[in-house]
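Coordinate inspection notes
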Amino acid sequence: MLLIDCPHCGPRDEVEFHYGGQAHVPYPVDPYALSDRAWAEFLFYRDNPRGPFAERWVHAVGCRKWFNAIRDTVTYEFLAVYPMGSPPPNTSTASPPAHDSAHDSGSDPS
Amino acid sequence: MTAHRLTGYRVDPDLSPGHGIDRDAGITVTVDGASVPAFTGDSIASALIASGRLGCGPSIHMSRPRGILAAGVEEPNALLRIEARTPGAPSESMLPATTVDAVDGLSAHWLQGMGVLDPAGDDAYYDRKYVHTDVLVVGAGPAGIAAAREASKTGARTVLLDEQSAPGGSLLSGRDETIDDTEAVAWACAALDRLTAQPDFTYMRRTTAIGSYDANYVVAVERSAADVAAPASAGVARARIWHIRAKRVVLATGAHERPLVFADNDRPGIMLAGAVRTYLNRYAAAAGQRIVLATTNDSVYALLEDLHTAGIAVPVVVDSRPEPSDRARAALEATGARGVFGAAVVGTSANGQADASDTGGTADRGRVTAVSFASVDGSGRPAGAVETVPADTLAVSGGHSPVLHLHTQRQGRTRWDEAFAGFVPEAPVSGQSVVGSANGAVSLGTALEQGAHAGHAAAAETGARGPLVVPTASASAPGPVHPLWLIASPGAPAGPHGPTAPRAPADSEAPTTAQPLAGNGTPALAPEHWASHFVDLQRDQTVADVLRAVGAGMRSVEHIKRYTSISTANDQGKTSSVNAMGVIASLLEDADPASVGTSTNRPPYTPVAFAALAGRRRGDLYEPARVTNIQPWHVAHGAEFEDVGQWKRPRYFPRAGEDMDAAVLRECAAVRTSVGFQDASTLGKIEIRGADAPEFLNRIYTNGFKKLAVGKGRYGLMCGADGMLFDDGVTMRLAEDRFLMTTTTGGAAGVLDWLEEWHQTEWPDMDVLFTSVTEQWNTIAVAGPRSRDVIATIAPDIDVANESFGFMEFRETQLSNGIPARICRISFSGELAFEVNVPTFYGLAAWELVDDTGQEFGITPYGTETMHVLRAEKGLVIIGQDTDGTVTPQDAGMGWAVSKLKDFVGKRSFQRTDTARPDRKHFVGVLPVDGVTRLDEGAQLIAAGTPVTPEAGPVPMIGHVTSSYLSAELGRPFGLALVENGFNRMGEIVRSPVGGTLVDVEITSSVFIDPEGKRRDG
Amino acid sequence: MADQLPEHPAFLWRNPDPKPSYDAVIVGGGGHGLATAYYLAKNHGMTNIAILERGWLAGGNMARNTTIIRSNYLWDESAAIYEHSIRLWEQLPEELDYDFLFSQRGVLNLAHTLQDVRESRRRVNANQLNGVDAEFLEPDQVKEACPIINVSDDIRYPVMGATYQPRAGIAKHDHVAWAFARAIDAMGVDIIQNCEVTGFVKDGNRVVGVETNRGRIGAGKVGLAAAGHSSVLADQAGFRLPIQSRPLQALVSELFEPVHPTVVMSNHVHVYVSQAHKGELVLGAGVDAYNGYGQRGGFHIIEDQMAAAVELFPIFSRAHLLRTWGGVVDTTFDASPIISPTPIDELYVNCGWGTGGFKGTPGAGYTFAHTIATGAPHPLNEPFLLDRFETGHLIDEHGAAGVAH
Amino acid sequence: MADSHTPTPRPEPVHLRRSPAHDMRAAMEQACTAGPHRVALREIPFVAQLGIRAVPGEEAAARIERVVGVTLPAAVGTTSGDPDGLHCVWIGPDEFLTIDVSRTHVQGEAEAAAAVLDDDRPGAGRTAGQVVDLSGNRTVLELTGPSARAVLEKGCHVDLHPREFPVGCAVSTLVGPVPMIVHRAHEETFRLLPRSSFAQYTVRWLCDAMLEFRALSA
Ligand SMILES: Cc1cc2nc3c(=O)[nH]c(=O)nc-3n(C[C@H](O)[C@H](O)[C@H](O)COP(=O)(O)OP(=O)(O)OC[C@H]3O[C@@H](n4cnc5c(N)ncnc54)[C@H](O)[C@@H]3O)c2cc1C
Ligand SMILES: NC(=O)c1ccc[n+]([C@@H]2O[C@H](COP(=O)([O-])OP(=O)(O)OC[C@H]3O[C@@H](n4cnc5c(N)ncnc54)[C@H](O)[C@@H]3O)[C@@H](O)[C@H]2O)c1
Ligand SMILES: Cc1cc2nc3c(=O)[nH]c(=O)nc-3n(C[C@H](O)[C@H](O)[C@H](O)COP(=O)(O)O)c2cc1C
Ligand SMILES: [Zn+2]
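Residues numbered from 1 in each chain as written. Chains lettered and ligands numbered in written order. Predicted model: local features only at pLDDT ≥ 70, side-chain atom pairs only at ≥ 80, totals over all residues. Heavy atoms only, no water.

Taking an unreviewed UniProt entry as the reference, chain D is identified by name as Sarcosine oxidase subunit gamma belonging to Brevibacterium jeotgali.

The name given to chain B in an unreviewed UniProt entry is Sarcosine oxidase subunit alpha, with the source organism recorded as Brevibacterium jeotgali. Among the UniProt annotations of chain B, the heading Subcellular location (unreviewed entry) holds the following wording: "Cytoplasm". Recorded under Sequence similarities (unreviewed entry), the UniProt text for chain B is reproduced unchanged: "Belongs to the GcvT family." (UniProt positions renumbered as here; feature names shortened; annotations may be inferred.)

1. So, the overall build of chain B
Within chain B, the regular secondary structure consists of 21 helices and 52 strands. Structurally, chain B occupies a C-alpha span of about 115 × 70 × 60 Å along its principal axes. Counting all 1018 residues of chain B, 66% fall into the buried class. Of all intrachain contacts in chain B linking residues separated by at least 6 positions in sequence, the fraction that spans at least 24 positions is 66%. Summed over its atoms, the accessible surface of chain B is roughly 31,700 Å², and 52% of this surface lies on carbon and sulfur atoms. With 88 positive and 119 negative side-chain charges, chain B shows a separation of 3 Å between the mean positions of the two kinds. (Helix = DSSP H or I, 4+ residues; strand = E, 2+ residues; numbered from the N terminus. Buried < 20%, exposed > 50% of the residue type's maximum accessible area, 1.4 Å probe, protein only. Contact = heavy atoms within 4.5 Å. Areas by Shrake-Rupley, 256 points an atom, 1.4 Å probe, with all protein chains shown as cover. Lys, Arg positive; Asp, Glu negative; His and termini not counted. Charge placed at Lys NZ, Arg CZ, Asp CG, Glu CD.)

2. Regarding the pairing of strand β49 (residues 959–967) of chain B
Residue and element names in this part refer to chain B. Of all nine residues that make up β49, eight are buried, and the element is covered over most of its length. With two bridges connecting them, strand β48 (residues 940–943) and β49 associate as antiparallel partners. Pairing of Gln940 across the sheet is with His960, part of β49. Strand direction decides the pairing type here: β49 and strand β50 (residues 972–980), joined by eight bridges, are antiparallel. If you follow Ser964 over to β50, its bridge partner there is Gly975. Following β49, the chain reverses through four residues before pairing antiparallel with β50; Gly971 in that reversal takes a positive phi of roughly 70°. (Pairing = 2+ DSSP bridges.)

3. Examining the interface of chain D and chain A
Each partner contributes residues to the interface: chain D has 15 residues there, and chain A has twelve residues. Where chain D abuts chain A, roughly 1,100 Å² becomes buried across the two surfaces, and 52% of that area is made up of carbon and sulfur atoms. Across the salt bridge formed by Glu95(D) and Arg64(A), the nearest N and O atoms sit 3.0 Å from each other. The interface formed by chain D and chain A contains six residue pairs in polar contact (both at pLDDT 80 or more). For the side of chain D that touches chain A, the secondary-structure elements that each account for two or more residues are β4 (86–92) and β10 (170–175) of chain D. If you tally residues by element for the side of chain D that touches chain A, the top one is β10(D), at four residues. When grouped by side-chain class, the residues that make up the side of chain D that touches chain A number eight nonpolar, four polar and three charged. (Buried area = accessible area lost by both parts, 1.4 Å probe. Salt bridge = Lys/Arg side-chain N within 4 Å of Asp/Glu carboxyl O. Polar contact = N/O pair within 3.5 Å; in protein donor to acceptor, adjacent residues only side chain to side chain. Nonpolar A, V, L, I, M, F, W, Y, C, P; charged D, E, K, R; others polar.)

4. Concerning the packing of aromatic side chains
Inspection of every chain in the model, using the stated rule, returns 44 aromatic pairs over all chains. Grouped by ring-pair contacts, the aromatic residues Tyr27(A), Trp39(A), Phe42(A), Phe696(B), Phe726(B), Trp754(B), Trp758(B), Trp763(B) and Phe770(B) constitute a single cluster. Positioned above the aromatic ring of Phe534(B), the side-chain terminus of Arg66(B) is 4.8 Å from the ring centre. The lysine or arginine in question, Arg156(C), covers the ring of Tyr157(C), its NZ or CZ lying 4.5 Å from the ring centre. (Phe/Tyr/Trp six-rings, centres within 6.5 Å; stacked < 30°, edge-to-face > 60°. Lys NZ or Arg CZ within 6 Å of the ring centre and 35° of its normal.)

5. Focus: the coordination of the zinc ion (ligand 4)
Residue and element names in this part refer to chain A. Each protein donor to the zinc ion (ligand 4) is listed here as Cys6 (SG), Cys9 (SG), His59 (ND1) and Cys63 (SG); together their distances run 2.0 to 2.4 Å. Classification of the site at the zinc ion (ligand 4) rests on its four donor atoms, whose angles at the metal span 103 to 120°, yielding the label tetrahedral. If you list the donors of the zinc ion (ligand 4) from N- to C-terminus, the spacing comes out as C-x2-C-x49-H-x3-C. Here Cys63 lies in the loop between β4 (52–58) and β5 (66–72) and Cys6 lies in strand β1 (residues 3–6), a separation of 57 residues in the sequence. On the basis of relative accessibility, which here comes to 1%, the residue Cys6 falls in the buried class. Assessed through its relative accessible area of 0%, Cys63 is described here as buried. (Donors = N, O, S within 2.8 Å, 3.2 Å for Na, K, Ca; no water. Tetrahedral: all angles 85-135°; square planar, octahedral: opposite > 155°, others 65-115°.)

6. Here we look at the domain arrangement of chain D
Residue and element names in this part refer to chain D. According to the domain assignment, chain D consists of domain 1 (21–44 + 139–218) and domain 2 (46–136). For domain 1 and domain 2, the distance between their C-alpha centroids amounts to 26 Å. Both sides together, the interface formed by domain 1 and domain 2 hides about 1,100 Å², and carbon and sulfur atoms give 60% of it. Counting every contact that joins domain 1 to domain 2 gives one salt bridge. For Asp84, the salt bridge is made with Arg191, and the minimal N-O distance between the two is 3.0 Å. Seen at the junction of domain 1 and domain 2, the total is six residue pairs in polar contact (both at pLDDT 80 or more). Of all the elements in the fold, those that place two or more residues in the side of domain 1 that touches domain 2 are β10, β11 (178–186) and β12 (189–194). Here the element with the most residues in the side of domain 1 that touches domain 2 is β11; it accounts for four residues. (Domains from an automatic or database assignment.)

7. Details of the sheet that holds strand β52 (residues 997–1004) of chain B
What holds strands together in a sheet is hydrogen bonding between their backbones, with the strands either parallel or antiparallel. Residue and element names in this part refer to chain B. Taken together, six strands build a closed barrel; the order of strands is β47-β50-β49-β48-β51-β52 and the barrel is antiparallel. Pairwise comparison of adjacent strand axes, ignoring direction, gives a mean angle of 40° for this sheet. With six bridges connecting them, strand β47 (residues 921–928) and β50 associate as antiparallel partners. The residue of β50 that forms the bridge with Lys921 is Glu980. The strands touched by helix α20 (residues 864–873) within the sheet are β49 and β50, with β49 carrying the most contacts at an inclination of about 110°. (Axes fitted to C-alpha atoms, helices over the stretch in contact; angles between N-to-C directions.)

8. Focus on the UniProt feature "domain: Aminomethyltransferase C-terminal" (unreviewed entry) in chain B
According to UniProt, the positions carrying the feature "domain: Aminomethyltransferase C-terminal" (unreviewed entry) are residues 924–1010 of chain B. Across residues 924–1010 of chain B one finds 0% helix and 47% strand; the C-alpha atoms that close the span lie 16 Å apart.

9. Some points on the site of ligand 3
Of all residues adjacent to ligand 3, which total 19 residues, the nearest are Gln572(B), Arg602(B), Ala63(C), Arg64(C) and Arg323(C). Flanking ligand 3 are residues from chains B and C. Here Thr568(B) contributes a backbone N or O atom positioned 2.8 Å from a nitrogen atom of ligand 3. Separating a nitrogen atom of ligand 3 from a side-chain N or O atom of Glu280(C) is a distance of 2.8 Å. (Near = heavy atom within 4 Å.)

10. Let's talk about the site of ligand 1
Residue and element names in this part refer to chain C. The local shell around ligand 1 holds 38 residues, among which Glu53, Asn61, Thr66, Gly357 and Lys359 are the closest. Interatomic distance of 2.5 Å between a side-chain N/O atom of Glu53 and an oxygen atom of ligand 1. At a separation of 2.7 Å, an oxygen atom of ligand 1 approaches a polar backbone atom of Lys359. Across the complex, the protein chains shield 98% of the 990 Å² of accessible surface that ligand 1 would expose by itself. Elements that contribute at least two residues to the shell around ligand 1 include exactly α1 (31–44), β12 (244–255) and β16 (320–331). Per-element accounting of the shell around ligand 1 gives the leading share, three residues, to β12.

11. Things to note about the pattern of salt bridges
Counted under the stated rule, the structure contains 113 salt bridges over all chains. The partner of Asp1017(B) in a salt bridge is Arg1016(B), with the nearest N and O atoms 3.6 Å apart. Since its relative accessible area comes to 32%, Arg1016(B) is described here as partly exposed. A single salt-bridge network, built from bridges that share partners, covers Asp127(B), Glu222(B), Arg240(B), Arg616(B), Lys154(D), Asp208(D) and Glu212(D).

12. What to know about the UniProt feature "domain: GCVT N-terminal" (unreviewed entry) in chain B
Mapped onto the present numbering, the UniProt feature "domain: GCVT N-terminal" (unreviewed entry) falls on residues 632–900 of chain B. Measuring from the first to the last C-alpha atom of residues 632–900 of chain B gives 47 Å, for a span that is 27% helix and 28% strand.

13. Observations regarding helix α2 (residues 142–152) of chain B
A large share of α2(B) lies buried, amounting to eleven of its eleven residues. Every buried residue belonging to α2(B) is among Pro142(B), Ala143(B), Gly144(B), Ile145(B), Ala146(B), Ala147(B), Ala148(B), Arg149(B), Glu150(B), Ala151(B) and Ser152(B), and all of these are buried.

14. Considering the interface of chain B and chain C
Contact residues are listed per partner, giving 119 residues for chain B and 83 residues for chain C. In total, chain B and chain C occlude about 8,800 Å² of area from one another, counting both sides; carbon and sulfur atoms represent 57% of this. It is Leu117(B), Arg602(B) and Phe610(B) that lose the most area in chain B upon contact with chain C, and together they represent 11% of the buried surface on that side. One can count nine salt bridges joining chain B with chain C. Here chain B is connected to chain C by 41 residue pairs in polar contact (both at pLDDT 80 or more). Considering only residue class, the side of chain B that touches chain C consists of 46 nonpolar, 41 polar and 32 charged.

Structure, rendered in structure tokens:
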């Protein structure tokens, strides 16, 4: 149960939110100027990094507002939360690097 | 029952404190039919031991006799099935006898490693709770209590939980410890008494933290005292799942003791030393009368002293360490017991099979009768003469494994601590601390000190401060630990150590023979010499099994776990996984324990009943059923309901003797010939306001909305960005800048989210706002040629004539009885029809008014099924039934609603090669040529002449039937379909396989009645 | 007393050091990577190849899945590849000489709403024409096929029917992996564990090797079969994939004497369950909402699932949740896989199997091997190329949008 | 012509109103318990409620505040006004709900209030914003007694401890599976505002959750 710090409501449990996938993927200014390939990129291709990821959430049962977050997809830790329309803050120094493994068990380190 | 030489017995009060039992409250439990006396406070296991019955069900695969090994959740052997305590309730399997409280009258049976599921449903009450705290302390042993005390006194909200029924943790197992000069258990109880008097302190007994999740979210299971005693009254939860969000977490979860791996180490009577001590001191239950102790560390010496005090003979203490520690020396001196150092147990003798007349079951079958030991060399190989002493019990301690499940569940790292010989936290998880035995603290003093500091610091980190007081206890310096991972049997041809040690085949070589460990010229290790060295008792897995896995080429502990199934049973390897690691490290040359590691811990820490986790989400409460204000009328009038999203909608209203077809034909006929009415309140409704609202709608809908006149409505289509239809509905313009959008019932929430998403994330500067008003309004559809008559009567203030109240217009008015209403002329059936919208409070009254008024025309209530037929006869699409996420508006024959002039969400996608194809699947009508066969919804269509034989392979399909009904109006069955290039196949006869035969089907227009739309105006 | 599972062969695979180069390198030692290597060797004569696995062999989703095997998919393209896969499953135990407990005990997909029923019938009808064994069962027939299901209509979402595929079933996941591993090891394929690919060596637009934590390894061809981690590798190689990696959880109970004869799936209430060979109940949960590589998810997902399980199977009430875990599944927009060349020459990708690729293991390996060996897709994976996202010819296996009225 | 006929408004037929939890009255009464673990549940029917969309500080907000007679609360969790009369709940930075539990809704009041946004007096003019009648959209359930918080804690993820959730606090959240507004009107009084279609389920859920306190009191 992630604890998500809604910029308007403060920390609330994950069940109050909906996930919105990658942040900063604007609707193309002129979709008709795009090749089919580029349009497909807009429709279906999203970053999927292992580590910090700028993504969108909406506080669905709370204030109903969309916002952005940077979350580490390995540790699930939120590194930043920021409003829609703002550029991603620099989080590289904000928190320790994500460490991988549960313990030295020789298991898949993720 | 033949008399046994019962070995275990209840110890007199002057010889044992028996902290945990109430000797005045005698009760009886029944195990495998034998009645067992017990005291309140006993576990089933302690009652059995006190009765000299420590034998349990045999082992799962090999059927070897087994006995109780442990005294807590780590028990691998003694699994019970508990009979239901109330008639009709289910029995429950796979409960360790060590964790089940003895309750008067309880009856249980031993299991052989496998449970039996009881088909009886479980009507017990289960509950869930969400709480928040500043500090959560898991484990109410000395470390946990010290932590809770320091945290709570600062005023910080503090929750302390422990799986045990009493506070004290390991203190309950002891007898001579003191804390702050008070007897330790009394100290614990007094501390808890003071704490529970604090306002923001909560102590939960019988509560196990089973999982630790992100941001200090800990899930715990509280078992009511009546858990197995059952007959709880309504509302008294048998178990309650706590969801605890904590600012800080202190883990004080203690440590589990490890057994030793030697030949026949699984015999009844071989027990963990700590457990023997727990039984003795907490339950006043002596496990035996002659108890040999075998150890790798100092912990058994307290047991030695306690046994001595209780008058129980200890023939010898076998200690792997070459030299006695100070602690060992002192205890041996004080008790006069014999200690043998640098030695290990190498085998045991046992009772023969129990005689056939032994209806008392398994009490002594296979029980230890003698213990053999020998000195061992540096790596644990027997090096000297073997000595055998008679004994009925062997208490072993192979070291301790800190309980770090909750730590590692949060990706906390561990490191191998050589001195402690166990995995300890490398560093706590952020926002947490680990204290006491769980942190490798060996002495009581250290445990208290770590606990107190952690509790104090945790509170301080939440902003609460207080003075720090560390409870004191006599601290003795811990002696060394000398782990033994496996102990060869004397006389075995070769052990896995020493000069003739076998080894796993070199990594790159495949063995040349079938013998796995015959690599490199070394003599084969005979697995049979290792076939009774048990590593995982519950899974019946031995060193020989590990040898096989390693021999097969497996190196990772995760592979060996899966090859052997070690640590995958009920106990999840609590006593076996570190031993397995030790064995593997010994077999793989050069491997040190740390690099082998253990397999991953996963939640839950201990097993939890499914029903407890389901909680109150059962039956009626499983998921909300949403209903309209008119629902009571529907129920009273015998409606059959359909689930649409979370809503319950009337599907049809059967009259006596009618099946669905009859009812629907009747309802349809009523609408086509006179008038019917339907509760359409479930449609989503969104009120939209803003100067940019028209432009916004233009971007969202495929068709134009800017020019829609105030007072009028328009049907609109929405597509996803991929161009596929995703919702539809009528939107009315209430004012220049105000619209009321309707959506499908199931789509309502999704559409509102969709609008908000585009507004907030793409076009935040647009002046437009959305508010859901779905439940503000009840909507009553009144349809059929006589609907105008009904409306004219109920809404006397408006002129309902066609010329003055046109199609897709609406009027605000008051109904004849004064109810405020907004009436629209909308049709989803092709008939003249109206929708009467009234504020929710008046929904039922308005419905009844329509009903009363319509009586003279035989007004008929109809449900969703009739609505489906009516719209299908008109060729109107139902999104989600006739479409499936792959259908564009053009495919659905609604190209007319796709604007050529403006851009809208999804439009660009129509230009893609596949989406632009002219021969996509099109929405058409289908008529079975014989005029009588009703096609299946979901029936596939194939071109005429297509062979349908298994030999011909997959049969090419050209489409499928999306909707299919009997039509009262057409007097025949008909359907709608998506068919490849369907618009260009009008009149073509295709075929549909129906129940083994092929039916000829004509492709037609999707509009079956009134293509000119004349009925719409009445 | 419980029967023990069949003994494993005494020898499975070597643990060689990597050679400087191979004709082909497969990245990812899950089921798909193993099967790909197997068919490369068997069908295309390529044995100078290696599988590179960052952790322990088959320790990814292969170790975590609920092992359901079926081919009753809606669209022709899917039915074809999954049915091909089932046919391979049917012959593999003998071919690999390894009893991996493939048990064709049938799979029920429950319908709980009218819309479910319509979709189910549509799928069954399509399956039958596609040569996939499938039938629609009414509730009383469901009860017959699986007597422990609660088919009474006084529950929130009563069972209104089910699709049934008798040839569907389960197999023991680890054993499947080891069966392939043993076979390819014997054919000379190198299985290299604890070897993480960290980059790609390119000559112009052509891949010629990989960088790993165990050094550079040359390769004539490279096939990615890294499931949830495919995007990470694609990033390193310099192209994008239309997938998102999500946590998917599953759980087991302790062992019980057999009560559950088949496999039951319900999309509507999100539960799927079988009783595995040892006797444990194996249940799959819903996908967690967010992208995640953590191999773990939220407990509320498990609780939801327990509620659904107890509603449908009252007999499970006093079974115990023993262990939960998560995998990293690679989801696509249309819930169909990608088996395709990539924008980089001689680099191929097999991914996007999401929550359902165990069943596809042999089929994926078969077609991916063909694609790698010949440079062109096999007819069975022709529809599953990356270009479908451009043309719009998606193969949407989500089922209908779930909207009605 | 019929169109020119302006009907005289009839009085609102309040006797015809029916609240969403109407059928659950008996269940609610039965679920109430007395004694130290007391907890009681009732519906306050037909309460006047307005949905408001405006940004505090902006012109629309000022107009709405004037016409509705309550200031919009400034931050999450807060309410303004009189908990036993007209008050206003913060839902989002530009979304509010006014509730007057002291009286029942009067038809037309929302429309009248909404008109301030379309003020046609000179110099005024249209502003952005929205006022919508939501009197029937949600119903008001009132849970009272020393055990009220414990009942809610069976399904509410939000911290209800008085330190975190004092009197006057209100949030939009979930109770069990139902989205609703939870408002602490007094120390031991919580008002719950689920959507009307969820009212029956919510009452059933709450009554079931109250059983424990019946058992404790017995
Ligand atoms: C809980 C759960 C339940 C499921 N249930 C089912 C089911 O019932 N039926 C079904 O058909 N499917 C099911 N699936 C899906 C199925 O498990 C997957 O689709 C399938 O296993 C994916 O293929 P794979 O076996 O090759 O993947 P994996 O086993 O994940 O193999 C990928 C491998 O690539 C390795 N790798 C990643 N990055 C690198 C790198 N840089 N270098 C080297 N190696 C790397 C990984 O370590 C991993 O071992 C389920 C999945 C989960 C998680
Ligand atoms: N060598 C050793 O490590 C060793 C051996 C035996 C005893 N000791 C002694 O043990 C004491 C340590 O005290 P402590 O407080 O650290 O541990 P403890 O064992 O006294 O207490 C731990 C408590 O936590 C409970 N617990 C564990 N996991 C739990 C969970 N998930 N949920 C709920 N409860 C859970 C246990 O039931 C137990 O009551 C010291 O006195 C020490 O001398 C140490
Ligand atoms: C089909 C199947 C059956 C399983 N049965 C058991 C079991 O009986 N006992 C057990 O402890 N784990 C069982 N597991 C879970 C594994 O122990 C383990 O959790 C899983 O492979 C994921 O690995 P990890 O937890 O080490 O990350 C099973 C897993 C699968 C896929
Ligand atoms: Zn918010």
